[in-house]
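Structural overview for review
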Amino acid sequence: MQHIVVIGAGTMGNGIAHTAAASGLEVTLIDVAQEFLDRGMKAISANLQRGVDKGKISAGDKAEIIGRIRQSTSVADAAAGDLVIEAILENLAAKSALFRQLDEITPPETILASNTSSISITRLGAVTRRPDKVIGMHFMNPVPVMTLVEVIRGIATSDETYGRVEDLAKRMSKTAIEVNDYPGFVSNRVLMPMINEAIFALYEGVATAESIDGVMKLGMNHPMGPLQLADFIGLDVCLAILRVLQEGFGEPKYRPCPLLVKMVDAGWLGKKSGRGFYDYRK
Ligand code: CAA
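Quantities reported herein were computed from a predicted structural model and do not represent experimental measurements. (Residues numbered from 1 in each chain as written. Predicted model: local features only at pLDDT ≥ 70, side-chain atom pairs only at ≥ 80, totals over all residues. Heavy atoms only, no water.)

With respect to the secondary-structure elements, arginine 100 resides in helix 4 (residues 92-105). Sequence separation between arginine 100 and tyrosine 162 is 62 residues; the distance between their C-alpha atoms is 21 Å. (Helix = DSSP H or I, 4+ residues; strand = E, 2+ residues; numbered from the N terminus.)

What follows is the structure, given as structure tokens:
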């Protein structure tokens, strides 16, 4: 595999493009408008600069990595890749429409992967004529730092597709872990109930946000407490994933905490909106 296409230049998409280019792959980064590409490339440049400042890579390395990323605003350019990773907004209708389009545009042997955190890979596969080549590649944020890729097999995903994606993850210095396609996969099935429970603890006045996070950081060695992590992921994203779990399993244990719903209603979405469980407006 030499050339991968990443669709969506947001946090996850630019992190995937950065990591792929840093491992020597040619990358085409596609988004609907140049301003989104500009923002994504600016983030890649800033994140690479961390390495330059620490003397881990040279300014020349940084320029070379950036030079391996082509930008495009046309989804037709996805045809050039050996594998496409979709990292657009977390919306079933939008992702299904894109997978249908990719199935038309790309050669039949191209693998179509999704970075979805909760949408069914089986459903995305079903809108294409190649469900055996549709797979989940769920990277973690920040992509250049986190070593996991949760690789999700839809009901029809072939062993060959899995094997090629596992090789690609290795090439990107990541570890692939294989999971099957059920709501929330493994990562969010385990993470989101923990975050939701932390929000319930806050809602019920068990402790302050700082105390809840402090217990989990100091007591469980988590790098961030669950409320800070929720702010970092985005409270709207957390709520959407909890709803997928609630709908997919029909079990009351996935009921989103009313405080989470209220904060999302208020537009308090965490770090990206300036306000969540903590205040980022300073
Ligand atoms: N790009 C590149 N490098 C980055 C980076 C980025 N966006 N963010 C941080 N780094 C690097 C730093 O440069 C630093 O590098 P060195 O070790 O070479 O010095 C290293 O990562 C650590 O960063 P910092 O020193 O700035 O800060 P930190 O030690 O507090 O770590 C963190 C920051 C890595 C984000 C850490 O707090 C952490 O691991 N948090 C938890 C992250 C997590 O759980 N992610 C999963 C979220 S869930 C998800 O993504 C999936 C989903 O479906 C919801």
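Next, the rest of the story.
For the rest of this paragraph, the subject is helix 9 (residues 226-233). The set of residues buried in helix 9 consists of Pro226, Leu227, Leu229, Ala230 and Asp231. Elements that come into contact with the buried residues of helix 9 comprise helix 7 (187-203), helix 8 (209-220) and helix 10 (235-249). (Buried < 20%, exposed > 50% of the residue type's maximum accessible area, 1.4 Å probe, protein only. Contact = heavy atoms within 4.5 Å.)

Turning our attention to the sheet that holds strand 3 (residues 69-72). Backbone hydrogen bonds are what pair the strands of a sheet, in a parallel or an antiparallel way. With mixed pairing, eight strands are arranged side by side in an open sheet as 3-2-1-4-5-6-7-8. The sheet is open, and its two borders are formed by strand 3 and strand 8 (175-180), each paired with just one other strand. Ignoring strand direction, the axes of neighbouring strands in this sheet form an average angle of 25°. Bridging between strand 1 (residues 3-7) and strand 2 (residues 26-30) involves five bridges; their strand directions are parallel. Paired with isoleucine 7 across the two strands is isoleucine 30, which belongs to strand 2. (Pairing = 2+ DSSP bridges. Axes fitted to C-alpha atoms, helices over the stretch in contact; angles between N-to-C directions.)

Considered domain by domain, the protein chain is made up of domain 1 (3-180) and domain 2 (187-273). Both faces combined, the contact of domain 1 with domain 2 buries some 500 Å², and carbon together with sulfur accounts for 53% of it. A per-residue breakdown of the area domain 1 buries against domain 2 is headed by Ser117, Ser118 and Asn141, which together make up 63% of the total. Counting every contact that joins domain 1 to domain 2 gives zero salt bridges. Between the two partners, domain 1 and domain 2, sit three residue pairs in polar contact (both at pLDDT 80 or more). A per-class count over the side of domain 1 that touches domain 2 returns two nonpolar, four polar and one charged. (Domains from an automatic or database assignment. Buried area = accessible area lost by both parts, 1.4 Å probe. Salt bridge = Lys/Arg side-chain N within 4 Å of Asp/Glu carboxyl O. Polar contact = N/O pair within 3.5 Å; in protein donor to acceptor, adjacent residues only side chain to side chain. Nonpolar A, V, L, I, M, F, W, Y, C, P; charged D, E, K, R; others polar.)

We now examine the site of the ligand. Around the ligand, 18 residues are found, and the nearest of them are Lys54, Lys56, His138, Asn141 and Asn188. At a separation of 2.3 Å, an oxygen atom of the ligand approaches a polar side-chain atom of lysine 56. Out of a free accessible area of 1,000 Å², the ligand has 66% covered by protein chains. For the shell around the ligand, the secondary-structure elements that each account for two or more residues are helix 2 (34-53), helix 7 and helix 9. Looking at the shell around the ligand residue by residue, the class counts come to 10 nonpolar, five polar and three charged. (Near = heavy atom within 4 Å. Areas by Shrake-Rupley, 256 points an atom, 1.4 Å probe, with all protein chains shown as cover.)

Let's shift gears to the side chain of threonine 128. Tracing the sequence through the fold places threonine 128 in the loop between helix 5 (121-126) and strand 6 (134-139). A distance of 2.8 Å separates a polar atom in the side chain of threonine 128 from the backbone oxygen of glycine 125. At 3.1 Å, the side chain of threonine 128 and the backbone nitrogen of arginine 130 are in polar contact. When neighbours within four sequence positions are excluded, threonine 128 is seen to be in contact with Phe99, Asp103, Leu112 and Val134.

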